[in-house]
Amino acid sequence: MIMFRTVCVLIVLLLALVLAAASCNKQASSQSAAGTSATAQPAGEAAATTTQAKVVWTCPMHPQVQESAAGKCPICGMDLVQKT
């Protein structure tokens, strides 16, 4: 009986994880499809990024987020890092 309960709990947790991942992916794709970009560019970095050719900034956790300027990830809010 304990084994059955453990298996049921694991199935429910796995289902919750799958649903959460699907919801996160759906939200990210709807934001990218709408073309929303919530990047706040610091004043000092504005001039630095315009002098460099084709600088791409990306989120360490969401590599699909690629911006032309430094700022925050629109999905998780982390600072974007320069892609090498």
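For the structure given in this document, a descriptive report is provided here. Within any chain, residue numbers begin from 1 and follow the written order of that chain's sequence. Confidence filtering applies because this is a predicted model: local features only for residues at pLDDT of at least 70, side-chain atom pairs given and counted only at 80 or more, and all residues used for totals across whole chains, interfaces and linings. Note: side-chain values were computed over all heavy atoms of the structure, leaving out hydrogens and water.

### Concerning the nonpolar core
Residues enter a nonpolar core if they are buried and are Ala, Val, Leu, Ile, Met, Phe, Trp, Tyr or Cys, with the set joined through side-chain atoms within 4.5 Å. Between buried and exposed lies partly exposed: a residue is buried under 20% and exposed over 50% of the maximum accessible area for its type, with that area taken using a 1.4 Å probe on protein chains only. Core analysis: the largest hydrophobic core is formed by seven residues, namely Val55, Trp57, Cys59, Val65, Ala70, Cys73 and Leu80. The contact rule is simple, with two residues in contact once any of their heavy atoms fall within 4.5 Å. Setting aside its immediate chain neighbours within four residues, Val65 contacts Trp57, Thr58, Cys59, Cys73, Pro74, Ile75 and Leu80.

### A look at the pattern of salt bridges
Throughout this description, the term salt bridge denotes a Lys or Arg side-chain nitrogen within 4 Å of a carboxyl oxygen of Asp or Glu. Applying the stated criterion to the full structure yields one salt bridge. The closest approach of N and O atoms between Lys72 and Asp79, which form a salt bridge, is 2.6 Å. The class of Asp79 is partly exposed, set by a relative accessible area of 48%.

### A short note on the environment of Val55
Counting from the N terminus, the helices are DSSP H or I runs at least four residues long and the strands are E runs at least two residues long. Structurally, the position occupied by Val55 is in the loop between α2 (43-51) and β1 (57-58). Residue Val55 is classed as buried on the basis of its relative accessible area of 11%. Between the C-alpha atoms of Val55 and Lys83, which are 28 residues apart in sequence, the distance is 7.5 Å. In this structure, Val55 is in contact with Glu67, Ser68 and Gln82, ignoring residues within four places of it in sequence.

### As for the state of the cysteines
When two cysteine sulfur atoms lie within 2.5 Å, the pair is treated as a disulfide. Under the counting rule described, the total for this entry stands at zero disulfides. This cysteine, Cys73, is not joined by any disulfide, and Cys59 carries the nearest cysteine sulfur, 3.6 Å off. With relative accessibility at 4%, the residue Cys73 sits in the buried group.

### Some thoughts on the sheet that holds strand β3 (residues 81-82)
What the three strands build is an open sheet, ordered β2-β1-β3; its pairing is antiparallel. The sheet terminates laterally at β2 (66-67) and β3, the two strands that pair on one side only. Pairing of β1 with β3 involves two bridges; the strand directions are antiparallel. Directly across from Thr58, in β3, lies its bridge partner Val81. Between any two strands, at least two bridges found by DSSP are needed for them to pair.

### Focus: a nonpolar patch on the surface
Excluding any residue in a salt bridge, patches collect residues exceeding 30% relative accessible area, merging like charges within 9 Å and nonpolar Val, Leu, Ile, Met, Phe, Trp and Tyr side chains within 5 Å. In short, Shrake-Rupley with a 1.4 Å probe defines the accessible areas, and a residue's cover is counted only from the protein chains shown. Among the surface-exposed residues, Met3, Val7 and Ile11 lie close enough to one another that they form a single nonpolar patch of about 320 Å² accessible area. Note that Val7 resides in helix α1 (residues 2-34). Residue classification places Val7 among the partly exposed residues on the basis of a relative accessible area of 39%.

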